[in-house]
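Coordinate analysis (summary)
Spelled out, the chains give:
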Amino acid sequence: MSHVGVPRGTARKRRRLPALLTAGVLTLPVLAGCGSGGDEPAPVAAAPQDVARAARDRVADGGRVTWAVDALPGTLNAFQADADSATTRITGALLPTLFPLDAHGRPQLNPDYLESAKVTETEPRQVVVYRLNQQAVWSDGREIGAPDFVAQWRALSGKDSAYWTARNAGYERIEKIERGADDLEVKVTFAKPYADWRSLFSPLYPKQVTGSPDAFNEGARTTLKATAGPFRLREVDKKTESVTLTRDPRWWGARAKLDSLVFKAVAPQDRADALAEGAVDVADIDSTTAHRIAQAAREGAAGAPAQGPGAPLGPAQALRSWAVAHGTDEDAAAAEQEVRDKRAEAAEAYADEQSGLRAYVVRKSLEPAYTQLALNGESGPLADDRVRRAVARALDRQELADTVLKPLGLPAQPLGSHLAVAGQPAYRDASEALGPQDTEKAQALLAAAGWTREGALDRNDGTKAGSEGEKQKKDAAEKKDAAEKDTEQKDAAEKKGSAGQEPADDGKPGEAVRDAVPAQDRQPGGAAGAYAPAGTAAPAGGADAARGPLGKNGKPLSLRFVLPSGPGSAGVRSVGEKIAAMLDTIGIRTVITKVSDDSYFRDHVASGDYDMALYSWPATAYPATDDRPIFAKPVPASDGSLLVEQNYTRVGSDHIDQLFDRAASELDEKAAQDLMRQADARIWAAAGSIPLFQRPQLVATGKSLVNVGAFGLATPHYQDIGYKAPLAAGPPAHRAGE
């Protein structure tokens, strides 16, 4: 999985990890408990969880599960810059999460750690009082209490630069933390209101980790001095690239069903082999591996392979092979026999692999992450918001969603929000602020920005684009190259194209929103509204309008589309090629540049060395906090560079920033959601980021495993994962005692 380091100057912000289309991203926690207090009905998820749910009394005690992760985590400190998805997965089983998220991405109080947590005062200061579970203790026997909260706040407040933190959002708003009525009560007073207070102290580290810069910076990279979860850390083995957790006997909650849980580094491209060999029990997989597992199941039912090396030859091929191998031509016979032997070896190996894969089932849902087309608005043609909007309105997002999701049997709907995914309470489709796919309006936007077919022609004689002299030169060239064409009809078509006007408002919902985009949400050189005003010259509708590249002052309209080149990034490239074809229809040429997966984010996306790029962002329950750096307006640094935080499109506005800031301080949940929806509409109108679809989530699990799989917006309740209980008590024989 590729990650981008925190850009210079952003280490004190809450950090999130973008990802390639094919890579795994962070999931969101879930646990039963008290709700967050919202009155809105539960939303309907776009795709349900697929986790082989089973009651605890139907889960066997004991056994081991090996879970594939992308790489051995560089740190076990989730607040450091090199923390990754493996860090999050592992710490989720070891450390307290006070407000995990349910299946709809809503924060829920975790009764294993808290009896209650609520805002008790709002004036003159916001005060939150946590009442701790009296049984909650660290693995060393010490009670979880106020000293742990205080140490974590001081480490993450940003006031002490000796702590190497990657994010501090929310902690910098705390004024003080103190013991409440007794040792079980923690009182947190905020200097500034903070709507996302439930996001704090998760994971909660013991004061041994956060109490000093040395312990924080180095002490928690490969070990944890104390934990407080259903499992405890046993070993980090760099040789086998695995992290082993074992059941924690001090855990006061529901006893973990498994004896041990192992997280093993397995590269995505190696997971099919690892599954076939039985080296892992749970693994995020791509569509190719999912197809192989499904094919193995079909072949097992049919009793013979239908494809691959093990598939039988046709009658004619088989007869010819036998005849050559037993013929009088000794050289031909030897060569054919060698081919037959290799075919037999390949068939045997394939049969073994397919047999191994038949031990697994593919669980599928939609991942809590979305794939976007990023348009770099810092310079070049895309610095003009009209060009960005034209690109966006040329895209058939439904076709792109169908391409990725339909073959997997998943709901194929274009995503309508930057700040939530389908199934979350805050999700609303705000894409009408930009407008639907519309080739004619895309062409009108480009014409309004000065990009025309005539403008792409060379003008060595000084004539202006669109002048009569240039038309004559163009006509002459066309006559020379295609004398059989009727030149009078050609001239008439061109005159119609140069005189065409933007279609009238069709009155569809959202048109008024697009027209009313405020000036502060536009880039220099842009136009108010999402399409050109009436009277703007534009190519006529129909296929002829898009023939030939567009240009301005003799320079063609060409965009550099940077895509990753690795074998695991085929899905990214497939989507990118479809986007390029869509843009070609309106006269925008794309130059696809393929770069290594390792350098894709670091050297291109994060550094701004691209015009267009594809990558994904994870969903969050706290968009006012987590999404602000992604859409923050870039600001100039003292050295002349641009500080973009995580806004790699370099497109933003003061108005959008203000909406995020207001939402972060708004303690009324519905009012905060309304502010976020306003921000989302303006992000759509700015057209720097175009959400395409929610990513598919495919997880291979052993057939006998339960309470694990494709969790969607949720994360596993680790203590409930295990093997289906057989008629006789105990784990399956092949895992018992491991």
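Keep in mind that this is a model prediction, so the values were computed, not measured.

1. A few points about the overall build of the protein
Counting secondary structure elements, the protein contains 20 helices and 20 strands. Taken across its 738 residues, the protein has 53% of its residues classed as buried. Considering only intrachain contacts with a sequence separation of at least 6, the fraction spanning at least 24 residues in the protein is 73%. Here the protein displays about 31100 Å² of accessible surface, and carbon together with sulfur accounts for 50% of that area.

2. So, the confidence of the model for the protein
Across the protein, the average pLDDT comes to 83, with 78% of residues at 70 or higher. Below a pLDDT of 50 lies the segment residues 20-42, which in the model reaches 91 contacts outside its immediate sequence neighbourhood of four places, other chains included. pLDDT under 50 marks residues 460-474. Its contacts with residues more than four places away, or in other chains, come to 21 contacts.

3. Quick word on the nonpolar core
In a soluble, globular protein the nonpolar side chains are often hidden away together inside. In this structure, Leu373, Ile579, Leu614, Ile690 and Leu692 are the most contacted members of the largest nonpolar core, which totals 94 residues. In terms of nonpolar packing, the next biggest core, distinct from the first, is built from 72 residues, Phe216, Phe263, Tyr622 and Leu705 among them.

4. Here we look at the pairing of strand S15 (residues 612-618)
In terms of burial, S15 is largely enclosed, as seven of its seven residues are buried. Both faces of S15 are covered, namely the face carrying Met612, Leu614, Ser616 and Pro618 and the face carrying Ala613, Tyr615 and Trp617. Looking at chain direction, strand S10 (residues 360-375) and S15 are connected through seven bridges and run antiparallel. Within S15, the residue paired with threonine 371 across the bridge is serine 616. Direction of pairing for strand S13 (residues 558-564) relative to S15: parallel, over a ladder of two bridges. Each residue of the ladder has a partner; that of phenylalanine 561, found in S15, is methionine 612.

5. Structural notes on the pattern of salt bridges
By the definition in use, this model includes 25 salt bridges. Among the ionic pairs, aspartate 720 bridges to arginine 56, the shortest N-O distance being 2.7 Å. A residue pair is termed long-range when its members are at least 10 positions apart, and aspartate 720 in the loop between strand S19 (705-706) and strand S20 (722-723) and arginine 56 in the segment before strand S1 (64-69) qualify at 664 residues. Residue aspartate 720 is classed as buried on the basis of its relative accessible area, which comes to 13%. In this structure arginine 56 comes out as partly exposed when scored by relative accessible area, which is 28%. Glutamate 378 is paired through a salt bridge with arginine 650; the nearest N and O atoms lie 3.6 Å apart.

6. Notes on helix H10 (residues 397-405)
Inspection of H10 places Arg397, Leu400, Ala401, Val404 and Leu405 among the buried residues, and these make up the whole buried set. One side of H10 holds all its buried residues, which, seen down the axis, span an arc of 110 degrees. Considering only its buried residues, H10 is in contact with S10, helix H15 (570-584), helix H20 (669-686) and strand S18 (689-702).

7. Quick look at unusual backbone geometry
Omega for the bond connecting glutamate 123 with proline 124 falls within 30 degrees of zero, at 0 degrees, which places this linkage in the cis form. Secondary-structure assignment places proline 124 in the loop between strand S2 (114-121) and strand S3 (127-132). Across the junction of serine 202 and proline 203, the peptide omega takes the value -5 degrees, indicating a cis bond. In this model, glutamate 645 sits at a positive phi of 50 degrees, which is unusual for a non-glycine residue. Locating glutamate 645 in the fold gives a position in the loop between strand S17 (642-643) and helix H19 (654-664). The phi torsion at alanine 687 lies on the positive side, around 60 degrees, for a residue other than glycine. Relative to the assigned elements, alanine 687 resides in the loop between H20 and S18.

8. Observations regarding the side chain of arginine 247
For arginine 247, the position within the fold is in strand S7 (residues 242-247). A polar atom in the side chain of arginine 247 sits 2.8 Å from the backbone oxygen of alanine 256. Among the polar contacts listed, one links the side chain of arginine 247 to the backbone oxygen of leucine 258, at a separation of 3.2 Å. Each residue touching arginine 247, except ones within four places of it in the same chain, is listed here: Gly62, Pro230, Phe231, Arg232, Arg255, Ala256, Lys257, Leu258 and Asp259.

9. Comments concerning the sheet that holds S2
Read across the open sheet, the four strands follow the order S2-S3-S5-S4; overall the sheet is antiparallel. Each of the sheet's edge strands pairs with one partner strand only, and the pair in question is S2 and strand S4 (174-179). In this sheet, neighbouring strand axes are inclined to one another by 15 degrees on average, regardless of whether the strands run parallel or antiparallel. With five bridges connecting them, S3 and strand S5 (residues 185-190) associate as antiparallel partners. Within the sheet, the bridge partner assigned to valine 129 lies in S5 and is lysine 187. Lying on the sheet, helix H2 (residues 146-156) is in contact with S3, S4 and S5; it crosses S4 at an angle near 160 degrees.

10. Brief notes about the pairing of S5
Most of S5 is tucked away, with five of its six residues classed as buried. Bridging between S4 and S5 involves five bridges; their strand directions are antiparallel. What sits directly across from arginine 179, in S5, is valine 186. Between the antiparallel neighbours S4 and S5 lie five residues.

11. Some points on the side chain of threonine 625
Following the sequence through the fold, threonine 625 ends up in helix H17 (residues 623-626). For threonine 625, a relative accessible area of 8% corresponds to the buried category. Within the structure, the side chain of threonine 625 is placed 2.7 Å from the side chain of aspartate 196, a separation counted as a polar contact.

12. Overview of H20
Look at H20: 26 Å from first C-alpha to last across 18 residues, which is about the 26 Å you get at 1.5 Å a residue. Listing the buried residues of H20 in full gives Ala672, Gln673, Leu675, Met676, Ala679, Asp680, Ala681, Ile683, Trp684, Ala685 and Ala686. Here the buried face of H20 lies against helix H9 (385-394), H10, H17, helix H18 (628-631), H19 and S18. Between a side-chain oxygen at the N-terminus of H20 and the backbone nitrogen of lysine 670 the separation is 3.1 Å; the capping residue is aspartate 668. Following H20 by one or two positions, alanine 687 has its phi on the positive side, about 60 degrees.

Rules and cut-offs
- Residues numbered from 1 in each chain as written.
- Predicted model: local features only at pLDDT ≥ 70, side-chain atom pairs only at ≥ 80, totals over all residues.
- Heavy atoms only, no water.
- Helix = DSSP H or I, 4+ residues; strand = E, 2+ residues; numbered from the N terminus.
- Buried < 20%, exposed > 50% of the residue type's maximum accessible area, 1.4 Å probe, protein only.
- Contact = heavy atoms within 4.5 Å.
- Areas by Shrake-Rupley, 256 points an atom, 1.4 Å probe, with all protein chains shown as cover.
- pLDDT = per-residue confidence, 0-100.
- Core = buried A, V, L, I, M, F, W, Y, C linked by side-chain atoms within 4.5 Å.
- Pairing = 2+ DSSP bridges.
- Salt bridge = Lys/Arg side-chain N within 4 Å of Asp/Glu carboxyl O.
- Arc of directions from axis to C-beta.
- Polar contact = N/O pair within 3.5 Å; in protein donor to acceptor, adjacent residues only side chain to side chain.
- Axes fitted to C-alpha atoms, helices over the stretch in contact; angles between N-to-C directions.
- Expected span 1.5 Å × (residues − 1).

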